[in-house]
Amino acid sequence: MKGQTFTHDVIIRSTLIWIACQPFSSLQAASSDYVSAVKADVEEFTTHEFKAPAESKWIGSADEVLSGGELGTLEGFSQFLLSKSPGSHIFYRKLPKSYQEQLRSDYLATGDLDRIKDDIFKYTREVKNK
Amino acid sequence: MNRKMIDFCRTSENKSMNLAHTNLKTSKLLVLFLLLMPMSGQAVVGRDLPYPAQGADINADEVARQVYFANHFFAFRNFSIKRQSRTMSVLINSSGGSELATAVERHLNNNYGADEEESLLSRDLAIFHSGKMRGTGMLVSEYKDENKSKDYMVWLPELRKIRRFSQPSYEDAWGGSVFTFGDVTLRKPEDETHELIGKKTFRTCLGTIESLEGKHYRYSGKLPERSCRHLNKEVYGLLSTTKFDNWWYDYRISYVDTKSFADYRTLYYKDGELIKIIDRDWGLVNTQEEGDPRALFWKYWYGLDLRNGSESWAVIPREVVEYNTDKGNNFWTEKTLRKIKR
């Protein structure tokens, strides 16, 4: 009887400790991947070599994961736009390369996708009127 | 030569010697003045800080001053993070699984002349629209005289009165967040010694509160996803060591864009351990005109305190950003504070 009470007590205590630690440990788990990536990045200042942590979601583009492309290239930007705004992408792909390049560099500078969408329509009208 | 002539010559010689001595004294003073001038100019970073000449060698102190310039929006006459109907900037603090959100409106004015209003450098007006601080307004005045501390006037809605406060401490939490007053506004380039530790490409995406990424949120609409736009941009590593004794950090390393001087990331160290990370996503306000590359705005700030796991995320939607408006300087006065509705 005494042994049973003791076992119950231990289980209850362990459960309470687990519940108390849960939010903090989940937060730690979520951010540890990010912290490892940050630490690897800063080490490059001293080692002059970048050792990317394996399977990190913070190295390279998250958009890359989404779209299979890379924002650094025109093809990658096209993939990114297709995933974010398929409607605008229909007009974007018909634009001359110079306009597409302009839109890509504008996005990299401002990060403002709404403005990029407006500009796609503005450039489409410009091209039509030429 | 007669006596008179000799006396005349002696007097003239003495006079010219006196004159030479006076000239020497004046020159010395002038040299001293010229030597001191750039130093006093360096102390206060204001709107007149020029963008470094192309190809010029840049040192760590200059990088620190340029970062201060960008972070205080000196490229603009005025800069507002306003309220656009129901959309506002939001500060989310997450700790131990619970979240607290505060909606804020902020207006900064850098448009003060040389002899204007007690030599004001800038005025910053913040209005809180949610939480316990709802209806509270804060007007912060910064002066050109570096020895003069900032003035804090706070509108307390429950009392319907303005109270003056002394400048908060650098290490005080800003809005209960991971960010301190020093991080957001108070820390000046001369509070630290600076050293450039190299140049490299930026390798990682900027942080976010992962569980909220891309989700709809009150006040700000859809929250952004992590920013990876700055990958592969060239950055300086700026190591800044605090001059304060027994400080909460020993040194910090900032990643500073070599062209725009946007500081994308700052890492804080104490006793050799990384203790805090602050990431800032920056955007250029206008790509249509050829302007100052430092004319940037914050898209979001993310902070992670590794000592306790707390996170903060301040998100500023593009539609609430406004700059170089025709608002007169009288907007940044007590009158506006008194008009705040709870």
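Residues numbered from 1 in each chain as written. Chains lettered and ligands numbered in written order. Predicted model: local features only at pLDDT ≥ 70, side-chain atom pairs only at ≥ 80, totals over all residues. Heavy atoms only, no water.

Observations concerning the overall build of chain A
Per the secondary structure count, chain A includes six helices and zero strands. Ordered by position from the N terminus, the helices and strands of chain A form the series α-α-α-α-α-α. When burial is assessed residue by residue, chain A has 37% of its 130 residues classed as buried. Of the contacts made within chain A by residues no fewer than 6 positions apart, 43% connect residues no fewer than 24 positions apart. (Helix = DSSP H or I, 4+ residues; strand = E, 2+ residues; numbered from the N terminus. Buried < 20%, exposed > 50% of the residue type's maximum accessible area, 1.4 Å probe, protein only. Contact = heavy atoms within 4.5 Å.)

A look at the interface of chain A and chain B
Each side of the interface is counted separately: chain A has 37 residues, and chain B has 47 residues. Summed over the three residues of chain A that lose the most area to chain B, namely Tyr34, Phe45 and Trp58 of chain A, the buried surface amounts to 23% of that side. Summed over the shared surface of chain A and chain B, the number is seven salt bridges. Among the salt bridges present, the one from Glu44 of chain A reaches Lys200 of chain B, with a minimum N-O distance of 2.8 Å. (Buried area = accessible area lost by both parts, 1.4 Å probe. Salt bridge = Lys/Arg side-chain N within 4 Å of Asp/Glu carboxyl O.)

So, unusual backbone geometry
In the Ramachandran plot, His48 of chain A falls in the positive-phi region, its phi being about 60° despite a non-glycine side chain. Its place among the elements puts His48 of chain A in the loop between helix 1 (2–47) and helix 2 (62–67). Since its relative accessible area comes to 67%, His48 of chain A is described here as exposed. One non-glycine residue, Phe73 of chain B, lies in positive phi territory at about 55°.

Details of the environment of Phe91 of chain A
Residues and elements named next belong to chain A. When you line up the elements, Phe91 lands in helix 4 (residues 86–92). In sequence terms Phe91 and Thr47 are 44 residues apart; their C-alpha atoms lie 46 Å from each other. Once you skip the residues sitting within four places of it in the chain, Phe91 turns out to touch Ile120, Phe121 and Thr124.

Details of helix 5 (residues 97–110) of chain A
Here helix 5 of chain A contains 14 residues, and its C-alpha end-to-end distance of 20 Å stays within 8% of the 20 Å for a straight helix at 1.5 Å per residue. Within the span of helix 5 of chain A, buried status applies to Tyr99, Gln100, Leu103, Arg104, Asp106, Tyr107, Leu108 and Thr110 of chain A. Structurally, helix 5 of chain A contributes buried residues whose contacts are with helix 3 (74–84), helix 4 and helix 6 (113–129) of chain A together with strand 14 (273–284) and strand 15 (296–305) of chain B. Gly111 of chain A lies just past helix 5 of chain A and shows a positive phi near 70°. (Expected span 1.5 Å × (residues − 1).)

Details of the nonpolar core
By size, the foremost hydrophobic cluster in this structure holds 68 residues, and its most contacted members are Tyr34 of chain A together with Leu267 and Trp313 of chain B. Examining the composition of this core, we find that seven residues originate from one element, strand 15 of chain B, more than from any other. Ignoring sequence-local partners within four residues, the contact set of Tyr34 of chain A consists of Trp58 of chain A together with Cys205, Leu206, Gly207, Arg265, Ile277, Asp279, Tyr302 and Leu304 of chain B. Ranked by size, the runner-up nonpolar core spans 15 residues in total, among them Phe77, Phe80, Leu95 and Ile120 of chain A. (Core = buried A, V, L, I, M, F, W, Y, C linked by side-chain atoms within 4.5 Å.)

A look at the state of the cysteines
All names here are of chain B. Evaluated as defined, the whole model comprises one disulfide over all chains. With a sulfur-sulfur separation of 2.2 Å, Cys205 is cross-linked through a disulfide to Cys228. Between Cys205 and Cys228, the S-S dihedral sits near 105°, and the bridge is therefore right-handed. Here Cys205, found in the loop between strand 8 (192–201) and strand 9 (216–217), pairs with Cys228, found in the loop between strand 10 (221–222) and strand 11 (234–242); they are 23 residues apart in sequence, far enough to count as distant. For Cys228, a relative accessible area of 5% corresponds to the buried category. (Disulfide = S-S within 2.5 Å.)

With respect to the packing of helix 3 of chain A against helix 5 of chain A
Residue and element names in this part refer to chain A. At a closest axis distance of 10 Å, the pairing of helix 3 and helix 5 adopts a crossing angle of 70°. Regarding the angle of helix 3 to helix 5, the classification is roughly perpendicular. Contacts between helix 3 and helix 5 involve Leu74, Phe77 and Phe80 on the former and, on the latter, Lys97, Gln100, Glu101, Leu103, Arg104 and Tyr107. Of the residues assigned to the contact of helix 3 with helix 5, the class counts are five nonpolar, one polar and three charged. (Axes fitted to C-alpha atoms, helices over the stretch in contact; angles between N-to-C directions. Parallel < 35°, antiparallel > 145°, perpendicular 65-115°, else oblique. Nonpolar A, V, L, I, M, F, W, Y, C, P; charged D, E, K, R; others polar.)

Side note on the pattern of salt bridges
Any two side chains of opposite charge can pair, so long as their charged atoms come close to each other. Using the criterion set out here, one finds 28 salt bridges over all chains in the structure. Measuring nitrogen to oxygen at the nearest pair gives 2.7 Å for the salt bridge that ties Lys276 of chain B to Asp183 of chain B. You can see Lys276 of chain B sitting in strand 14 and its partner Asp183 of chain B sitting in helix 3 (residues 181–186), a full 93 residues away along the chain. Like Asp183 of chain B, Lys276 of chain B is buried. A salt bridge links Arg280 of chain B to Asp263 of chain B, with the shortest nitrogen-to-oxygen separation between them at 3.2 Å. Residue Arg280 of chain B is found in strand 14, and its partner Asp263 of chain B is found in strand 13 (residues 263–270); the two are separated by 17 residues along the sequence. In this structure Arg280 of chain B comes out as buried when scored by relative accessible area, which is 3%. Sharing partners across several salt bridges, the network here consists of Asp41 and Glu44 of chain A together with Lys200, Arg203, Arg265 and Asp279 of chain B.

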